[in-house]
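# Observations on chain architecture
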Amino acid sequence: NAWADNADYVSKMYAGTGALKTDFTRTGRRTLTGALQDGVNSVTRYYLNNFADGIRQDAYDLLVGNFGPDKRDESPFTFQQQHSLLNLMLEAALATLAVISVSISLRPELPMATRVRDGVLTALALFTVTGYLILKKGKFRALGRRSFSQMPLLVMLATASALLSQHGVLAWGGVVQLFADANFGTTNGHWMFGFSLPQYCINAASMNDSASSAQWWGLGKTGSLAKIAFYTGADCTGTVRAWSTAEKDFPTNFAEDGIDNQISGKVFLYSRAYFDQSHGHYRYYVAINQAQVCYNVGSMNKEALSANWHGLPQEGKFDGGAKVAFYKYWDCKGTGHAWSTKEQDFPSNFMLDALDKQIQSIAIWVENKNIDSVYPIYH
């Protein structure tokens, strides 16, 4: 035990913890308790070595001659605040607040939640890089005569990262607005959505087959090929037209570019026969993005008496065309009653087809009558 005690005392002088494997020295064999204690000692040593041993290292350097006193240098024995875990946590919190503050101050056109989110993500990225430097590269060593506090550097890097992020170097975060009318008119509706990543497809949802003009702001502008693309089909398929993200002359009329009102299609269901909307009777539509997919009707379930549609696929393997099928059951179960998508004589009275107030789902047949998947309920 005397030898093990001596090892502990010596180890505490240079490493800050007791010696390793003293259980073997004391008992002649390794024990679970000894292994756990070695783990605690190793973690403690790592923390002390990187964050709290600067002054001790300076003393050793002076003792062994690695450091020569000079009147022009600051005394290595000047008291310096040791770096504690609490200090580290406070510095991390302040650095995070600095990043979020920069994020909030830039791009005021974006929602507050978006700017705070970007700040938090940037701070996490910063701390990941800092942690890598500490763990792998041996940087950010302990405080001492030749080292410096992490705080100024953390804040500096955090602020710089946030600035780069907000200017599109590290991240995207913009807004695209679609208008149902040309020249950004909102009489027939408009829809706004956010972009946070490049190379990412967003379906037009409520503006399916309705957009006639568009504007955007805050999109990434890095690279000479940074563009925003509009597709006529769902999931970024079909005809495409693209504009530079830095473009100021936004597309005021998609008709001039051959994609007016072509962003997917719609099936309209009416609560009365002959498409009657008078006296408070209503119309409901289902946005169709894909063929061979079942769309459950939702709030119009078992209410439809007539239907029409536009913007649906025209070509298929049913005599050269595609079909729209109506089902009496959810998830397109059972036999579908189908009409050509080119049909102009729409089903004006489902009673004639024994479908009155029975329709629960819809699908588009292009290749065959099979249903590949079921789309979530459309409300």
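Scanning the protein chain from N- to C-terminus turns up seven helices and 14 strands. Evaluated residue by residue, the protein chain yields a buried proportion of 39% over its 379 residues. Here the protein chain has roughly 21100 Å² of accessible surface; of this, 57% comes from carbon and sulfur atoms.

For the rest of this paragraph, the subject is the nonpolar core. With 23 residues, the main nonpolar core has V267, L269, V324, F326, F350 and I362 as its most contacted residues. Broken down by secondary-structure element, the contributors of at least two residues to this core are β6 (265–270), β7 (283–288), β8 (293–296), β9 (306–310), β11 (323–327) and β13 (361–365). With three residues, the single largest contributor to this core is β7. Of all hydrophobic cores here, the second largest spans 14 residues; its members include W191, W216, L219 and F254.

Let's shift gears to the confidence of the model for the protein chain. Residues shown with low pLDDT carry predicted positions that ought not to be read at fine detail. Within the protein chain, residue pLDDT values average 75, and 74% of them lie at 70 or more. Here residues 137–156 is modelled with pLDDT under 50, and outside its nearest four sequence neighbours on either side it reaches 57 contacts, counting other chains as well. Taken together, the stretch residues 165–172 has pLDDT below 50 and engages in 20 contacts with residues farther than four places along the chain or on a different chain.

Our next topic: the environment of A7. Counting through the fold element by element, A7 comes out in helix α1 (residues 2–14). The exposure class of A7 is partly exposed, given its relative accessible area of 27%. Between the alpha carbons of A7 and A19 there is a distance of 5.7 Å; along the sequence they are twelve residues apart.

We now examine the sheet that holds strand β2 (residues 190–195). Taken together, three strands build an open sheet; the order of strands is β2-β1-β3 and the sheet is antiparallel. A single partner strand is all that each edge strand has here, and the edge strands are β2 and β3 (213–217). Strand-to-strand twist across the sheet, computed as the mean angle between neighbouring axes with direction ignored, equals 15 degrees. Bridge count between strand β1 (residues 174–179) and β2: six bridges; the pairing is antiparallel. Its bridge partner being in β2, L178 is matched across the sheet by W191.

This brings us to the pattern of salt bridges. As enumerated under the stated definition, the model contains six salt bridges in all. The partner of R30 in a salt bridge is D23, and the shortest N-O contact between them spans 3.0 Å. For R30, a relative accessible area of 38% corresponds to the partly exposed category. By relative accessible area, D23 is classed as buried at 10%. The closest approach of N and O atoms between R30 and D38, which form a salt bridge, is 2.8 Å.

What follows covers the state of the cysteines. Evaluated as defined, the whole model comprises one disulfide. Disulfide partner of C294: C332, at an S-S distance of 2.2 Å. Across the S-S bond linking C294 and C332, the dihedral sits near 90 degrees, which makes this disulfide right-handed. You can see C294 sitting in strand β8 and its partner C332 sitting in the loop between β11 and β12 (337–340), a full 38 residues away along the chain. C332 matches C294 in its accessibility class, with the two residues each being buried.

The first and last C-alpha atoms of α1 sit 19 Å apart over 13 residues, in line with the 18 Å expected at 1.5 Å per residue. Of all the positions in α1, only A4, D8 and S11 are classed as buried. For α1, the angular spread of the buried residues around the axis is 70 degrees, confining them to a single face. Turned more than 90 degrees away from the buried face of α1, the exposed residues are A2, W3, Y9 and M13.

Considering the arrangement of structural elements, one finds T22 in helix α2 (residues 22–27). Judged by its relative accessible area of 15%, T22 falls in the buried class.

Here the focus is unusual backbone geometry. A positive phi is found at D319, a non-glycine position, where the angle reads about 55 degrees. Within the fold, D319 resides in the loop between β10 (315–318) and β11. Residue A354 is not a glycine yet carries a positive backbone phi of 60 degrees. Mapped onto the secondary structure, A354 falls in the loop between β12 and β13.

The rules behind the values
- Residues numbered from 1 in each chain as written.
- Predicted model: local features only at pLDDT ≥ 70, side-chain atom pairs only at ≥ 80, totals over all residues.
- Heavy atoms only, no water.
- Helix = DSSP H or I, 4+ residues; strand = E, 2+ residues; numbered from the N terminus.
- Buried < 20%, exposed > 50% of the residue type's maximum accessible area, 1.4 Å probe, protein only.
- Areas by Shrake-Rupley, 256 points an atom, 1.4 Å probe, with all protein chains shown as cover.
- Core = buried A, V, L, I, M, F, W, Y, C linked by side-chain atoms within 4.5 Å.
- pLDDT = per-residue confidence, 0-100.
- Contact = heavy atoms within 4.5 Å.
- Pairing = 2+ DSSP bridges.
- Axes fitted to C-alpha atoms, helices over the stretch in contact; angles between N-to-C directions.
- Salt bridge = Lys/Arg side-chain N within 4 Å of Asp/Glu carboxyl O.
- Disulfide = S-S within 2.5 Å.
- Expected span 1.5 Å × (residues − 1).
- Arc of directions from axis to C-beta.

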